[in-house]
Amino acid sequence: DTAVSQTPKYLVTQMGNDKSIKCEQNLGHDTMYWYKQDSKKFLKIMFSYNNKELIINETVPNRFSPKSPDKAHLNLHINSLELGDSAVYFCASSPQWGQGAYEQYFGPGTRLTVT
Amino acid sequence: AQSVTQPDIHITVSEGASLELRCNYSYGATPYLFWYVQSPGQGLQLLLKYFSGDTLVQGIKGFEAEFKRSQSSFNLRKPSVHWSDAAEYFCAVGRGNNDMRFGAGTRLTVKP
């Protein structure tokens, strides 16, 4: 009965490849997020979706493309992977847009290593 | 610019000792403030939050935090640390447009 799940947990791939990370939440939340955590543990928001619509799109290379097929899923596709993309990527969700939305529930993370 | 500062990168305390982790924020409006904990290899778990009202908030696992507007601080405290509290702790501020900004984190080591 995992609340926010991500697959895969580990992803090792070569430069130039295209890969996807999947995220699903079973909390009935409206808003979902992708974060990137670098090697120094710094956590930075990448994207936010509310009811399948893109709300926040930080300065992220356009090689990163989020896709939300429905409210419960937010996938992250990365084209032409680069060494600097190596990080832990976290998916999160929150109940709704607005004050209640700030309480975010995080998935376990996907550790991406680009060689 | 809105920001969150956690001045201590790494703190070591003895088991049973008290703990205080510092957090300062810079934000133009009334902030929404949070503390999260990240155990090794895990995602982030919410410890507590402050939206309004009583400036001393209680969280899970025996943690509490106090909002001090005059000092722009939201420090996390625990009276007696357990070995299982060893983790990375993140302070965060919620912005008006629904996104959250995190501090750089404080790593807590607990000595036996």
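See the structure above.
Description of the structure in this document. As the structure is a prediction and not an experimental result, all values here were calculated from the model.

### Considering the overall build of chain A
Helices and strands together make up the secondary structure of chain A, namely zero helices and eleven strands. Helices and strands in chain A line up, N terminus first, as β-β-β-β-β-β-β-β-β-β-β. Principal axes of the C-alpha set define a box for chain A whose edges measure 40 × 30 × 30 Å. A burial count over chain A gives 45% of its 115 residues as buried. Looking at chain A alone, contacts between residues at least 24 apart form 55% of all its contacts between residues at least 6 apart. Carbon together with sulfur atoms contributes 48% to the accessible area of chain A, which is approximately 5,600 Å² in total. Once the 12 positive and 11 negative side-chain charges of chain A are each reduced to a mean point, those two points are 6 Å apart.

### What to know about the state of the cysteines
What the rule picks out here adds up to two disulfides over all chains. One disulfide in the model links Cys 23 of chain A with Cys 91 of chain A; its S-S distance is 1.8 Å. Between Cys 23 of chain A and Cys 91 of chain A, the S-S torsion sits near -75°, and that sign places the bridge as left-handed. Separated by 68 residues along the polypeptide, Cys 23 of chain A in strand β3 (residues 19–25) and Cys 91 of chain A in strand β9 (residues 87–94) bring together distant segments of the chain. Cys 91 of chain A matches Cys 23 of chain A in its accessibility class, with the two residues each being buried. The disulfide partner of Cys 23 of chain B is Cys 91 of chain B, and the S-S distance across this bridge is 1.9 Å. Here the S-S torsion is close to -65°, and the disulfide linking Cys 23 of chain B with Cys 91 of chain B is therefore left-handed. Taken together, the residues Cys 23 of chain B in the loop between β3 (19–21) and β4 (24–26) and Cys 91 of chain B in strand β10 (residues 87–94) connect sequence positions 68 residues apart. By the burial criterion, Cys 23 of chain B is buried, and Cys 91 of chain B matches it.

### Looking at the sheet that holds strand β1 (residues 4–7) of chain A
All names here are of chain A. The antiparallel open sheet is built from four strands, whose spatial order is β1-β3-β8-β7. A single partner strand is all that each edge strand has here, and the edge strands are β1 and β7 (64–70). Here the average twist between neighbouring strands, direction ignored, is 20°. As judged from the four bridges shared by β1 and β3, these two strands associate in the antiparallel manner.

### A closer look at empty space enclosed by the protein
Residue and element names in this part refer to chain B. Counted by the stated rule, this structure contains two cavities of 30 Å³ or more. Of the pockets and cavities examined, the largest cavity occupies roughly 50 Å³. Lining the largest cavity we find Val 37, Ser 39, Leu 47, Lys 61, Phe 63, Ser 84, Asp 85 and Tyr 89. Partitioned by chemical class, the residues of the lining of the largest cavity number four nonpolar, two polar and two charged.

### Structural notes on unusual backbone geometry
All names here are of chain A. With omega at -5°, the peptide bond leading from Thr 7 into Pro 8 counts as cis. In this fold, Pro 8 is placed in the loop between β1 and β2 (10–13). Non-glycine residue Ser 80 carries a positive phi angle of around 45°. Position of Ser 80 among the secondary structure elements: in the loop between β8 (73–78) and β9. What makes Ser 80 partly exposed here is its relative accessible area of 39%.

### Overview of the side chain of Lys 78 of chain B
Residue and element names in this part refer to chain B. Tracing the chain through its elements places Lys 78 in strand β9 (residues 73–78). A polar atom in the side chain of Lys 78 sits 2.8 Å from the side chain of Asp 85. Contacts of Lys 78, omitting those with residues within four sequence positions, involve Ala 17, Ser 18, Leu 19, Lys 61, Gly 62, Phe 63 and Asp 85.

Conventions and cut-offs
- Residues numbered from 1 in each chain as written.
- Chains lettered and ligands numbered in written order.
- Predicted model: local features only at pLDDT ≥ 70, side-chain atom pairs only at ≥ 80, totals over all residues.
- Heavy atoms only, no water.
- Helix = DSSP H or I, 4+ residues; strand = E, 2+ residues; numbered from the N terminus.
- Buried < 20%, exposed > 50% of the residue type's maximum accessible area, 1.4 Å probe, protein only.
- Contact = heavy atoms within 4.5 Å.
- Areas by Shrake-Rupley, 256 points an atom, 1.4 Å probe, with all protein chains shown as cover.
- Lys, Arg positive; Asp, Glu negative; His and termini not counted.
- Charge placed at Lys NZ, Arg CZ, Asp CG, Glu CD.
- Disulfide = S-S within 2.5 Å.
- Pairing = 2+ DSSP bridges.
- Axes fitted to C-alpha atoms, helices over the stretch in contact; angles between N-to-C directions.
- 1 Å grid on protein atoms, 1.4 Å probe; cavity = no way out; pocket = protein on both sides within 12 Å on 5 of 7 lines; lining within 4 Å.
- Points joined across faces, edges and corners; volume = space filled by probe spheres on them.
- Nonpolar A, V, L, I, M, F, W, Y, C, P; charged D, E, K, R; others polar.
- Polar contact = N/O pair within 3.5 Å; in protein donor to acceptor, adjacent residues only side chain to side chain.

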